[in-house]
Amino acid sequence: MKTALVTGATSGIGEACARAFVGAGWRVVGTGRRAERLQALVDELGEDRFHPCAYDVRDEAARDAALETLPDAFAKIDCLVNNAGLALGAAPAQQADLADWKTMIDTNVVALASLTHKLLPGLIERKGAIVMLSSVAASYPYTGGNVYGGTKAFVRQFALGLRSDLSGTGVRVTSIEPGMVETEFTVVRNGGDQAASDNLYAGVNPLTGGDIAETVLWIASLPAHVNINTLELMPVNQSFAGFQVAREG
Ligand code: NDP
Ligand code: 8X3
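An account of the accompanying structure is given in this report. (Residues numbered from 1 in each chain as written. Chains lettered and ligands numbered in written order. Predicted model: local features only at pLDDT ≥ 70, side-chain atom pairs only at ≥ 80, totals over all residues. Heavy atoms only, no water.)

Attention now moves to the overall build of the protein. The number of helices and strands found in the protein is eight helices and nine strands. Relative to its length of 249 residues, the protein is compact, with a C-alpha radius of gyration of 18 Å against a globular reference of 18 Å. In terms of overall dimensions, the protein has C-alpha extents of about 65 × 40 × 35 Å along its principal axes. Here the protein, with 249 residues, has 49% of them falling under the buried criterion. Counting contacts in the protein only where the partners sit at least 6 residues apart, residues at least 24 apart contribute 69% of the total. Entry remark: accessible area of the protein is about 12100 Å², with carbon and sulfur atoms responsible for 52%. (Helix = DSSP H or I, 4+ residues; strand = E, 2+ residues; numbered from the N terminus. Rg over C-alpha atoms; globule rule 2.2 N^0.38 Å. Buried < 20%, exposed > 50% of the residue type's maximum accessible area, 1.4 Å probe, protein only. Contact = heavy atoms within 4.5 Å. Areas by Shrake-Rupley, 256 points an atom, 1.4 Å probe, with all protein chains shown as cover.)

Next up on the list: the packing of aromatic side chains. The tally for this structure, following the rule as stated, stands at four aromatic pairs. Relative to F158, the ring of F154 has its centre 5.3 Å away and its plane inclined at 20°; by these criteria the two rings are stacked. Of this pair, F154 and F158 both sit in helix α5 (residues 146-165), four residues apart, which is roughly one turn of that helix. Among the residues examined, F154 registers a relative accessible area of 30% and is labelled partly exposed. (Phe/Tyr/Trp six-rings, centres within 6.5 Å; stacked < 30°, edge-to-face > 60°.)

Right, let's talk about the state of the cysteines for a bit. Taken as a whole and assessed by the stated rule, the structure comprises zero disulfides. Of the cysteine sulfurs around C17, a residue in no disulfide, the closest is that of C79, at 8.7 Å. For C17, a relative accessible area of 0% gives the class buried. Taking the relative accessible area as the measure of exposure, C79 reaches 0% and is therefore buried. (Disulfide = S-S within 2.5 Å.)

Here we take up the site of ligand 2. Close to ligand 2 lie S135, V136, A137, Y142, Y148, F185 and R189. Separating an oxygen atom of ligand 2 from a side-chain N or O atom of S135 is a distance of 2.5 Å. Y148 is positioned such that a nitrogen or oxygen atom in its side chain is 2.6 Å from an oxygen atom of ligand 2. For ligand 2, whose accessible area on its own is 240 Å², the fraction buried by protein is 81%. Broken down by class, the residue content of the shell around ligand 2 amounts to five nonpolar, one polar and one charged. (Near = heavy atom within 4 Å. Polar contact = N/O pair within 3.5 Å; in protein donor to acceptor, adjacent residues only side chain to side chain. Nonpolar A, V, L, I, M, F, W, Y, C, P; charged D, E, K, R; others polar.)

This paragraph deals with the site of ligand 1. What surrounds ligand 1 is a group of 29 residues, the closest being T10, S11, R33, Y148 and T183. The separation between an oxygen atom of ligand 1 and a polar main-chain atom of G8 is 3.1 Å. A distance of 2.6 Å separates an oxygen atom of ligand 1 from a polar side-chain atom of T183. In the complex, 96% of the free accessible area of ligand 1, which totals 880 Å², lies under the protein chains. For the shell around ligand 1, the secondary structure elements donating two or more residues are α1 (12-23) and α5.

This brings us to the nonpolar core. A general trend in soluble globular proteins is that nonpolar side chains are found buried together. By size, the foremost hydrophobic cluster in this structure holds 35 residues, and its most contacted members are C17, F21, F50, C79, V81, I212 and V216. At the level of elements, β1 (3-6), α1, α2 (35-45), β4 (79-82), β5 (129-133), α8 (209-221) and β9 (230-233) are the ones that each hand at least two residues to this core. If sequence neighbours within four positions are ignored, I212 has contacts with I13, L133, P178, V181, L207 and L233. The next biggest cluster of nonpolar side chains, apart from the first, holds 26 residues, and it includes C53, A66, L70 and A84. (Core = buried A, V, L, I, M, F, W, Y, C linked by side-chain atoms within 4.5 Å.)

This part covers the packing of helix α3 (residues 60-67) against helix α4 (residues 98-125). In contact at an axis separation of 12 Å, α3 and α4 are set at 35° when each is read in the N-to-C sense. Here α3 and α4 pass one another in a crossing that is right-handed. Residues E60, R63, D64 and L67 of α3 touch α4, and the partners they reach there are S114, L115 and K118. Considering only residue class, the contact of α3 with α4 consists of two nonpolar, one polar and four charged. (Axes fitted to C-alpha atoms, helices over the stretch in contact; angles between N-to-C directions. Left-handed = near helix turned anticlockwise from the far one by under 90°.)

Within strand β6 (residues 172-178), seven of the seven residues are buried, which leaves it mostly tucked inside the rest of the structure. Burial along β6 is two-sided: the residues R172, T174, I176 and P178 and V173, S175 and E177 are all buried. Relative to β6, β5 runs parallel, the two being bridged by five bridges. Considered in β6, the bridge of I130 is made with V173. Handedness of the crossover is the feature at issue here: the chain leaves β5, passes through α5, returns alongside β6, and the resulting connection is right-handed. Pairing analysis gives four bridges linking β6 to β9, with the strands arranged parallel. Bridge pairing in β9 links S175 to T230. (Pairing = 2+ DSSP bridges. Right-handed = clockwise from strand over helix to strand, strands pointing away.)

Encoded structure:
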């Protein structure tokens, strides 16, 4: 039985990944700050299949304490799903809060790179897989995307760079780049405003956490010689618009 480590398993895409992987016969180590949500997954999925690790991804000491004391059955990670992340605010850069920018960089970039660095030796030993949650925001700038888009561009390029460095190791690396997925993402982005989230997704028929989880599971389950480098997906009702033009005078 293989083991996946899913960061951000308390909500949205990560929570759906935990269910999908366990449903497909994997063991899952799930992380997140909200311990009670991880415990609910233990109750739902079984303690022999889901192991909770409650810590803040920015706290390397807490992370190490959790991951270095994993039960034997969960200790050998075959697939790292680098999913935990967030956007804070959607204001233009000139009105943005610097603390929000730093939180996004620390969570989406620093913590993700650090965990990857920590798990790489074991992933190489087991010829494992790394699936990163980037975003369409990595490739398509939009007003208010600024640092969030920058962090997701890092994730995409880091994944591609790892592909290059890991040549010959058998480790597979994928950057998944979704558009609108209705999770707690927009509630978090808007400081807990559920109505702002409901309004954004109203009538869109957005992607679901389950849609992305099935995609992650598919990637992780492909034959060992197949690598999906990048995968961009959107709801049918989301698509591209043109450039904006500012007029002088
Ligand atoms: P959610 O807000 O529903 O889930 C985010 C998860 O990340 C939660 O489990 C949360 O856990 C965890 N997380 C955030 N900060 C921390 C932290 N400091 N320490 C530990 N865990 C943390 O959003 P999504 O499921 O939508 O987002 C998952 C990923 O997908 C993100 O990287 C996001 O950028 C990306 N993405 C999302 C899209 C969307 O439209 N929803 C589109 C494209 C990409 P907890 O709060 O319990 O700590
Ligand atoms: C989340 C999707 O379009 O809000 O990464 O940036 S978007």
